[in-house]
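These are the residues of each chain, in order.
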Amino acid sequence: MTDHLTAATLTALADGELPAEEAAAAREHVDTCLPCASTLVDTWLLKSSVGKSGHRYSMTAPCEERLQKIIAGEARIAAAPRASSAHARRNWTAFSGWVAAAAMFLVLLSWTLMQFRAQRSGINNAEMAVAAEASDLHIAMLASSAQPQVVSSDRHTVKPWFQGKLPFSFNLPETLPADMHLDGANLVYLGDRPVAQLLFSIGRHRASVFVEQTRTAQAIQLSRAGFHVIGFTTGDLETIAISDVDPGQLRALADAVRAAQ
């Protein structure tokens, strides 16, 4: 498979609706095609944002009453003679358009709230972009079936693997909090800079800790599409930890990495 995957195929892959053989071929293509991987991540993020936003906000009584009336009207139209089918299609089109508009509004509201919280915390757009790019890399790792570039739970194996690959050095904690394990690491890029992506398991959750040379002294703590982002600096290093695990557990992992430096 050399051509890019179609939008329909990527959407079906994100939804888990492809047959097993097609899904395997699509995942193999995504593992080696950056544009398709990026599109798949964007599709996953949009679906995640819509799903989480739909559970975050409760429907008001007037809105619920209006929807019930629309549904009841659709049921009556469906039972009516065929002569009313055009009217039914118009009503359904209007209802579908309203739902799509509401979903888009929730996605935009979620992104706007994240930007607002970031601005109140003093986080600028450049820092937001780095945090967003790091979270995209973490989500792409979760969506991929590829193994880490170095697979090891031994810090004496993972740290030396980066020698000659990074223009800096870092330490890994000797011990981790309960139910946390080092799984391996990848060499990735944030912007145009090489970064160590350390991979951890926290119970059944996965976490990425990105370590790079310091860009800014600003600490970061955000949520994006259900993933928590915690960033801090220590010495000449900047670290960004990302996971959908409880923020307290992610903070404990970040603190363990920071204490090791």
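Residues numbered from 1 in each chain as written. Predicted model: local features only at pLDDT ≥ 70, side-chain atom pairs only at ≥ 80, totals over all residues. Heavy atoms only, no water.

A.B. asks: What is the right way to look at the pattern of salt bridges in this model?
C.D. replies: Close approach of charged atoms allows side chains of opposite charge to pair. Considering all chains together, one arrives at three salt bridges under this definition. Taking the shortest distance from any N to any O, the salt bridge between E174 and R155 comes out at 3.9 Å. Pair noted here: E174 is in the loop between α7 (155-161) and β2 (180-190) and R155 is in helix α7, with a separation of 19 residues, a long-range link. (Salt bridge = Lys/Arg side-chain N within 4 Å of Asp/Glu carboxyl O. Helix = DSSP H or I, 4+ residues; strand = E, 2+ residues; numbered from the N terminus.)

A.B. asks: How should the environment of I202 be read in this particular structure?
C.D. replies: On the secondary structure map, I202 appears in strand β3 (residues 193-202). Since its relative accessible area comes to 2%, I202 is described here as buried. A sequence separation of 48 residues divides I202 from L250, and the C-alpha atoms of the two residues are 8.4 Å apart. Those residues in contact with I202 that sit more than four places away from it in its chain are D179, M180, A207, V245, Q249 and L253. (Buried < 20%, exposed > 50% of the residue type's maximum accessible area, 1.4 Å probe, protein only. Contact = heavy atoms within 4.5 Å.)

A.B. asks: I'm lost on the confidence of the model for the protein in this one. Help?
C.D. replies: Caution applies to low-pLDDT parts of the model: their predicted coordinates are not meant to be read in detail. Overall, the prediction assigns the protein a mean pLDDT of 75, with 66% of residues at 70 or greater. Within the protein, α7 carries the highest mean pLDDT (95), whereas helix α5 (residues 85-120) carries the lowest (48). For residues 105-124, every residue scores under 50 in pLDDT, and the model assigns this stretch 30 contacts once sequence neighbours within four places are set aside. (pLDDT = per-residue confidence, 0-100.)

A.B. asks: Honestly, helix α1 (residues 7-15) in this entry has me stumped. Any pointers?
C.D. replies: Given 3.6 residues to a turn, an α-helix orients residues that are three or four positions apart in the same direction. Those residues of α1 that sit buried are L10, A12 and L13. Along the axis of α1, the buried positions cluster into a sector of 160 degrees, meaning they face one direction only. Among the exposed residues of α1, those pointing more than 90 degrees away from its buried face are A7 and A8. One or two positions beyond α1, positive phi appears at G16, with a value near 70 degrees. (Arc of directions from axis to C-beta.)

A.B. asks: How should the environment of A140 be read in this particular structure?
C.D. replies: Secondary-structure assignment places A140 in helix α6 (residues 125-143). With 100 residues separating them in the primary sequence, A140 and L40 have C-alpha atoms 8.3 Å apart.

A.B. asks: Looking at this model, I keep getting lost on helix α2 (residues 20-32). Mind explaining?
C.D. replies: The end-to-end C-alpha distance of α2, which contains 13 residues, comes to 19 Å, matching closely the 18 Å that a straight helix rising 1.5 Å per residue would cover. Buried within α2 are the following residues: A23, A26, H29 and V30. Viewed end-on, α2 has its buried residues packed into an arc of 125 degrees, placing them on one side of the element. Facing away from the buried side of α2, by more than 90 degrees, are the exposed residues A20, E21, E28 and T32. (Expected span 1.5 Å × (residues − 1).)

A.B. asks: Just checking my understanding: could you explain the pairing of β2 for this structure?
C.D. replies: Across a regular strand the side chains alternate sides, sitting on one face of the sheet and then on the other. Bridging between strand β1 (residues 150-151) and β2 involves two bridges; their strand directions are antiparallel. Opposite V150, over in β2, you have A185 as the bridge partner. Direction of pairing for β2 relative to β3: antiparallel, over a ladder of 10 bridges. Paired with Y189 across the two strands is P194, which belongs to β3. Turn length for the β2-β3 hairpin, with the two strands adjacent in sequence and antiparallel, is two residues, and the turn residue G191 shows positive phi of about 70 degrees. (Pairing = 2+ DSSP bridges.)

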